[in-house]
Amino acid sequence: MASKKAPLYMVTWRCTRRCVGNCLYCSYTPEYAIDTEVNTRTAYKIVDEIYYFGSPCFGISGGEPLIRKDIFDIIEYAKKTGFGVSLITSGFAFDQKRLDQLVRNEVYTAVSVDGTRESNDKIRGKGSYDKALHAVKKLSENGVLDCIVTTMNRYNLKDYEHVVQLAEEYKARMVVFHNLVPVGRAGSNMPDLAPSPEEYEGAFNNIYDLQVKYAGKVHVNVYSPFYARIVRERNPVDFWDWFQNGFLGKCTIGGNYISVTENGDYRSCGFNEDYRLGNVKYKGLQSTWDELQRSELHLKLRDKSNIKGKCGVCEYREICGGCRTRAEYYTGDLFESDPACAYIPKVLREQ
């Protein structure tokens, strides 16, 4: 690997939006795509740019990455370059041939499972749970199961321990719970899918209980800014170590993240499609990152004193600040309050 230390452990490439599934909340579905996929040669360039950036791990997401015909050519190129490679799959396109390739290339693979068979199939389609579970079992047997990923929604709020139990049984390193971000198909289905603020509050407290219960067995993590407030309230003694070293859910749009889309565009949020930073065909990753650190918009987003409304006066603002993409979806303003949070800041309760 390149000798310098990069600011990001992993840079992820969304290699395709194509998929053989039809999940209700999908952020990246083809009907919302306006971009064409890069060819294999440009995909190699993406790998090279991440190499020179210095990140030790190359992440691959979708859509469904396993339906891209050249995906294992690209994975092999990344492995020869010196990367650790991580990939996420739904299990929909999983078969023995693909499993053999994942194992041969030591690709640490995450599988999406959204609850029990009943709730998962309601969200992801009939038969999807069995496909995902088959992938989990086979990846586990071959030592390349990395984690299980769940997207929180109204249909699976009571099923989170089932997912953690699967992770424990099949020796996954981690479970990751994503909160629902209203982009792609999730935006059009949001009224039916989105948990209420009160439901989120209860669910996050339940997840914290699971985090404690399964400590040392499965690492339980959450992609949601306001989970930090839950942990701060529940475990103030160990909070800062966890927040600095173990929390995945910090809002990244303030210049703390960069990824590559299927057409080679750089972007500063894993969900927001609107703030593109140039294309790998014409710009290097390092120079794009450097520009991102000087960007007026992203510097303004990084300074949480610019956040408005309830989030702006919250005593937990600096460790949370809400999801800016969700705030923009509901209000049209990146800097407004995140309406998914139930917490009332102290200053407003004292009025």
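Refer to the structure presented above.
Here's what I pulled together on the structure shown here. All values reported here derive from a predicted model rather than from experimental measurement.

## With respect to the overall build of the protein
Part 1 of the reasoning: From N to C terminus, the protein includes 16 helices and 10 strands.
Part 2 of the reasoning: Against the 2.2 N^0.38 benchmark of 20 Å for 351 residues, the protein shows a C-alpha radius of gyration of 20 Å, consistent with a compact globule.
Part 3 of the reasoning: C-alpha extents for the protein along the principal axes are approximately 60 × 45 × 40 Å.
Part 4 of the reasoning: Evaluated residue by residue, the protein yields a buried proportion of 56% over its 351 residues.
Part 5 of the reasoning: Restricting the contact set of the protein to residue pairs at least 6 apart, pairs at least 24 apart contribute 71%.
Part 6 of the reasoning: Counting every atom, the protein has about 15500 Å² of accessible surface; 50% of that belongs to carbon and sulfur.

## Some thoughts on helix H12 (residues 285-294)
Part 1 of the reasoning: Within the span of H12, buried status applies to Leu 285, Thr 288, Trp 289 and Leu 292. Here the buried residues of H12 occupy an arc of 100 degrees about the axis, which is enough to place them on one side.

## A few points about the pattern of salt bridges
Two side chains with opposite charge may pair up if their charged atoms get near one another.
Part 1 of the reasoning: Within the structure shown, the criterion is met by 28 salt bridges.
Part 2 of the reasoning: Residue Arg 349 pairs with Glu 315 through a salt bridge whose shortest N-O separation is 3.6 Å. Note that Arg 349 is positioned in helix H16 (residues 346-349) and Glu 315 in the loop between helix H14 (309-313) and helix H15 (324-331), a separation of 34 residues in sequence.
Part 3 of the reasoning: Connected through salt bridges with shared partners, the residues Arg 14, Arg 17, Glu 262, Asp 265, Arg 267, Glu 273 and Arg 276 form a single ionic network.

About the cut-offs
Residues numbered from 1 in each chain as written. Predicted model: local features only at pLDDT ≥ 70, side-chain atom pairs only at ≥ 80, totals over all residues. Heavy atoms only, no water. Helix = DSSP H or I, 4+ residues; strand = E, 2+ residues; numbered from the N terminus. Rg over C-alpha atoms; globule rule 2.2 N^0.38 Å. Buried < 20%, exposed > 50% of the residue type's maximum accessible area, 1.4 Å probe, protein only. Contact = heavy atoms within 4.5 Å. Areas by Shrake-Rupley, 256 points an atom, 1.4 Å probe, with all protein chains shown as cover. Arc of directions from axis to C-beta. Salt bridge = Lys/Arg side-chain N within 4 Å of Asp/Glu carboxyl O.

Fair warning: the whole summary comes from geometry, so function is off the table for now.
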